[in-house]
Amino acid sequence: MPDGTIRHPLLAYRIAIRPKNILCRLHKTAAHPISSKAHTAIPAVTTRHQITNMSDAIIELKDLSKTFYVGFRRKKIEAVKSVSFEVKRGEIFGLIGPNGAGKTTTIKMLTGLIKPTSGTMKLMGYEGFDRRCSQKLGYLPEISYYYESLTAFEILDFYAKLYGIQADRKARVDKWLERVGMSHARDKRLGSFSKGMLQRIGLAQALIGDPELVVLDEPQSGLDPIGRRDVAEIIRESQQQGKTIFFSSHILPDVERLCDRVGVIRQGRMEVVGTLHELLSAEKYVEIVLRGDPSQDFIGTLSENPEITLQTNDLTTAITLSPKAAGDLNDILSKAIAEGLIIEHVMEHGADLESLFTKAEKKSD
Amino acid sequence: MWLTLNAFITQTFREAIRNKILYGIGFFAIAILLFSLVLGELSLYEQERVIRDVGMTFIMIMGIALSIYAGVGLIHREIDRRIIYTILSKPIRRYQFILGRFLGIACTLFVELAAMFAVFLGLLLVRSMSIDATLFQAFWLIYVESLVISAAALMFSTFSSAMLSSLMSAGFVVLGLLYPQIGFYAEREKTIEIAAFMRAAQFILPNLDHFDVSTQVSYALDIPASHVMWSSLHGIAYVIVLLCIASIIMEKRDFI
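Residues numbered from 1 in each chain as written. Chains lettered and ligands numbered in written order. Predicted model: local features only at pLDDT ≥ 70, side-chain atom pairs only at ≥ 80, totals over all residues. Heavy atoms only, no water.

Peer 1: Tell me about the side chain of D260(A), residues and numbers included.
Peer 2: All names here are of chain A. Of note, D260 is situated in the loop between α8 (252-258) and β12 (261-266). Within polar-contact distance, the side chain of D260 engages the backbone nitrogen of I92 at 2.7 Å. Side-chain polar atoms of D260 contact the side chain of Q239, separated by 2.8 Å. (Helix = DSSP H or I, 4+ residues; strand = E, 2+ residues; numbered from the N terminus. Polar contact = N/O pair within 3.5 Å; in protein donor to acceptor, adjacent residues only side chain to side chain.)

Peer 1: Describe the packing of aromatic side chains, and please don't skip the residues or the numbers.
Peer 2: Throughout the structure, instances matching the rule amount to 17 aromatic pairs over all chains. With a centroid separation of 5.8 Å and an interplanar angle of 85°, the aromatic rings of Y147(A) and F158(A) are classed as edge-to-face. You can see Y147(A) sitting in the loop between β9 (137-140) and α4 (152-162) and its partner F158(A) sitting in helix α4, a full 11 residues away along the chain. Residue Y147(A) is classed as buried on the basis of its relative accessible area, which comes to 4%. Looking at F158(A), the relative accessible area reads 3%, which means it is buried. The interplanar angle of 40° and the centroid separation of 6.1 Å between the aromatic rings of F172(B) and Y238(B) together place this pair among those described as tilted. Of the two residues, F172(B) is situated in helix α7 (residues 162-177) and Y238(B) in helix α11 (residues 225-252); the sequence distance between them amounts to 66 residues. Taken individually, F172(B) and Y238(B) each receive the classification buried, so the pair is uniform in this respect. Joined through ring pairs, the aromatic side chains of Y146(A), Y147(A), F158(A), Y159(A), F8(B) and F97(B) make up one cluster. Taking NZ or CZ as reference, R186(A) lies 4.1 Å from the ring centre of F153(A), over its face. For R188(B), the ring lying beneath its charged end belongs to F184(B), and the centroid distance is 3.7 Å. (Phe/Tyr/Trp six-rings, centres within 6.5 Å; stacked < 30°, edge-to-face > 60°. Buried < 20%, exposed > 50% of the residue type's maximum accessible area, 1.4 Å probe, protein only. Lys NZ or Arg CZ within 6 Å of the ring centre and 35° of its normal.)

Peer 1: An account of a nonpolar patch on the surface is requested, with residue identities and associated values reported.
Peer 2: Residues and elements named next belong to chain B. Among the surface-exposed residues, I17, Y23, F27, I30 and L34 lie close enough to one another that they form a single nonpolar patch of about 490 Å² accessible area. Among the elements that line the nonpolar patch, the one with the most residues is helix α2 (residues 20-42), at 4 residues. Tracing the backbone through its elements, the reader meets Y23 in helix α2. Look at Y23 and you get partly exposed, because its relative accessible area is 48%. (Patch = residues over 30% accessible without salt bridge, like charges linked within 9 Å, V, L, I, M, F, W, Y side chains within 5 Å. Areas by Shrake-Rupley, 256 points an atom, 1.4 Å probe, with all protein chains shown as cover. Salt bridge = Lys/Arg side-chain N within 4 Å of Asp/Glu carboxyl O.)

Peer 1: Can you explain the packing of helix α1 (residues 2-17) of chain B against helix α5 (residues 94-126) of chain B? Please cite residues and give values.
Peer 2: All names here are of chain B. Taken N-terminus to C-terminus, the directions of α1 and α5 make an angle of 45°; their axes are 8 Å apart at the nearest point. Between α1 and α5, the crossing angle belongs to the class labelled oblique. Crossing geometry of α1 relative to α5 is assigned as right-handed. For the pair α1 and α5, the contacting residues are T4, L5, F8, I9, Q11, T12, F13 and A16 in the first and Q96, F97, L99, G100, R101, L103, G104, I105, C107, T108, V111 and E112 in the second. (Axes fitted to C-alpha atoms, helices over the stretch in contact; angles between N-to-C directions. Parallel < 35°, antiparallel > 145°, perpendicular 65-115°, else oblique. Left-handed = near helix turned anticlockwise from the far one by under 90°. Contact = heavy atoms within 4.5 Å.)

Peer 1: So what about the side chain of E91(A)? Which residues, and what values?
Peer 2: Residue and element names in this part refer to chain A. Along the chain, E91 turns up in the loop between β5 (75-88) and β6 (92-96). For E91, a relative accessible area of 1% translates into the label buried. Only 2.8 Å separates the side chain of E91 from the backbone nitrogen of K88, close enough to count as a polar contact.

Peer 1: Mind laying out the sheet that holds β6(A), listing which residues take part and the relevant values?
Peer 2: Residues and elements named next belong to chain A. Spatially, β9-β10-β11-β6-β12-β13 is the arrangement adopted by the 6 strands of the open sheet, whose pairing is mixed. Of all the strands in the sheet, the pair left with one neighbour each is β9 and β13 (269-275). Averaged over neighbouring strand pairs, the angle between their axes works out to 15° when direction is ignored. Relative to β13, β12 runs antiparallel, the two being bridged by 6 bridges. By the bridge assignment, R261 is partnered in β13 with T275. Packed on one face of the sheet, helix α7 (residues 225-240) meets β6, β10 (213-217) and β11 (244-248) and runs near 150° to β11. (Pairing = 2+ DSSP bridges.)

Peer 1: Mind laying out the state of the cysteines, listing which residues take part and the relevant values?
Peer 2: If you walk through the whole model with that rule in mind, you get 0 disulfides over all chains. No disulfide involves C244(B); its nearest neighbouring cysteine sulfur is the one of C107(B), lying 19 Å away. (Disulfide = S-S within 2.5 Å.)

Peer 1: Would you mind going over the interface of chain B and chain A in detail, with residue names and values included?
Peer 2: Counting from both sides, the interface comprises 31 residues of chain B and, opposite them, 34 residues of chain A. Both faces combined, the contact of chain B with chain A buries some 3200 Å², and carbon together with sulfur accounts for 56% of it. Our enumeration of links across chain B and chain A arrives at 4 salt bridges. Put simply, R81(B) and E148(A) hold a salt bridge, and the shortest N to O gap is 3.1 Å. Along the contact surface separating chain B from chain A lie 17 residue pairs in polar contact (both at pLDDT 80 or more). Elements with a contribution of two residues or more to the side of chain B that touches chain A: α1, α4 (83-88), α5 and α11 of chain B. Per element, the largest residue contribution to the side of chain B that touches chain A is 9 residues, and it comes from α1(B). Of the residues that constitute the side of chain B that touches chain A, the class distribution is 11 nonpolar, 6 polar and 14 charged. (Buried area = accessible area lost by both parts, 1.4 Å probe. Nonpolar A, V, L, I, M, F, W, Y, C, P; charged D, E, K, R; others polar.)

Peer 1: Residues and numbers for helix α6 (residues 133-157) of chain B, please.
Peer 2: End to end, α6(B) covers 36 Å across 25 residues, agreeing with the expected 36 Å (1.5 Å per residue, within 8%). The buried fraction of α6(B) is high, at 22 of 25 residues. (Expected span 1.5 Å × (residues − 1).)

Peer 1: Which residues make up unusual backbone geometry, and what are the values?
Peer 2: Outside of glycine, negative phi angles account for most residues, and trans bonds account for most peptide bonds. Residue and element names in this part refer to chain A. Unlike most non-glycine residues, S82 shows phi in positive territory, near 45°. Tracing the backbone shows S82 in strand β5. For S82, a relative accessible area of 41% gives the class partly exposed. Here M124, not a glycine, exhibits a phi torsion of approximately 50°, which is positive. Note on placement: M124 falls in the loop between β7 (118-123) and β8 (126-127). Owing to a relative accessible area of 8%, M124 belongs among the buried residues under this scheme.

This is the structure in structure tokens:
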């Protein structure tokens with residue numbers, strides 16, 4: 001923090017302070033999983049900026065619903081209820097929600113495996129699920145099983161043929177085996193592969209057709225930390241190549257680290273959709289703790305602002321700024337310095353996806 | 001289109017030849033063929049007839065068993081293990097999937113039955129017994145019959161569980177083999193409803209009895225070429241109808 005500027009990678013939030021005059025300790029809440037990624041996340045921020053210039057939607061869902069009738073008694077199950085959202089071309093969109101929320105059903109409707117009961121779906125400009133979409137679509141299902149008696153090369157060659165790849169098929173298969181770190185197992189049968197290895201093969205089969213839209217259902221489940229990092233890298237690279245990534249995950253820190261926009265689905269309904277900035281900024285607040293005896297004038301000015309709450313005792317004054325009052329931070333700190341108060345700390349309580357997710361759950365209950 | 005079919009045929013064939021269960025079935029079939037030699041030895045003056053009859057009958061039984069196993073197992077395994085998700089999300093039509101799978105099974109069945117037939121012919125040669133065109137015609141008819149059964153098994157597996165599909169396929173085979181008897185009893189049945197039901201069953205079922213030429217094989221009688229041709233056309237037409245039904249079911253089906 002040599003220039004005295006605190007940057008938050010996701011919230012694009014700045015607090016300008018004067019290090020010479022202020023005793024300042026910056027705290028990030030312990031539960032904030034993204035704080036340590038401040039520098040590594042910079043490329044993603046750049047990409048986000050690029051995305052804002054892209055307005056065309058690659059996925060448009062409007063009031064999409066799916067009802068299943070199961071068993072002898074034809075029990076009605078509404079898996080997805082009037083879900084509407086858009087995914088812009090070139091972005092990474094994360095769909096999160098608890099088990100049975102409707103994530104996989106939504107994904108299966110996008111990939112043409114399930115037909116919607118009602119609502120409209122536009123994919124890559126085509127109404128409904130058009131077979132022409134699947135030429136530009138890569139899909140990794142939640143649990144990947146493949147033909148155990150085939151080798152890694154044979155299985156990718158099989159999928160490449162399904163994409164109609166003829167000319168450089170073998171070279172492309174080898175390239176993707178290398179890209180997912182499976183070259184060493186090129187001629188080994190899938191029956192001997194671990195779950196993580198199968199997941200890498202799954203990722204390769206989803207990307208081998210050079211799709212525009214990549215739909216990944218829990219791509220990082222069952223992977224060790226290195227595997228998760230590799231998958232995240234491939235996802236980022238794919239985005240840099242202009243691909244759109246739509247993925248669901250239970251691993252919220254990964255979603256937070258990778259996604260440009262997020263949708264929270266619960267009980268078949270989309271609770272919230274937006275950029276991480278939009279979703280998280282509504283939840284954050286800043287806390288300032290001042291030591292010393294503030295003047296009545298200082299206290300009075302702050303008390304008048306409904307976006308600011310004050311708590312005072314003999315030694316300290318705690319000031320809490322809501323997101324709307326965040327712009328007043330510099331003024332407040334300047335006035336505090338002018339009053340001769342010591343700034344004990346400025347603490348940013350940033351919300352994370354987990355708290356947002358939990359809040360959405362409570363709201364639904 | 002061809003590349004897609006090629007993908008399915010190659011993959012199905014590779015799976016089959018690497019499947020240990022099929023190796024087991026193959027060894028069992030060869031053991032049975034060898035057993036036919038023993039039976040031949042036990043039957044005085046009828047050795048050749050018994051060996052030809054038992055040998056070709058076992059090839060037919062193996063053809064039926066392999067058809068049901070492959071037809072039911074292949075699709076069901078793909079649905080059960082969710083491999084189908086990655087396949088149907090690719091730029092292929094669902095009828096291509098069914099057709100590709102069927103052609104893969106057809107190739108595999110041909111190789112498996114041909115291997116058994118070759119072993120059988122080898123046994124006949126070793127025993128200095130005659131090899132005539134009737135055997136080859138019978139082999140062809142067994143193969144076409146196996147195609148019809150595998151198409152039926154494939155069709156059943158598009159909408160039912162593996163167990164149910166196997167049972168339905170077995171029922172299909174039994175009723176198909178009893179086709180002439182169904183017609184016989186339908187003519188003599190006095191209750192109109194039962195007679196109508198039997199005629200409807202006759203209309204739906206294939207006449208698998210056409211493919212049974214065991215008498216001609218046993219006595220080395222000529223099989224008219226027209227019989228082979230019409231039986232083959234009947235079988236192929238039936239296969240086409242079954243594959244169309246399977247494709248329609250697949251097209252309408254949700255993969256939950």
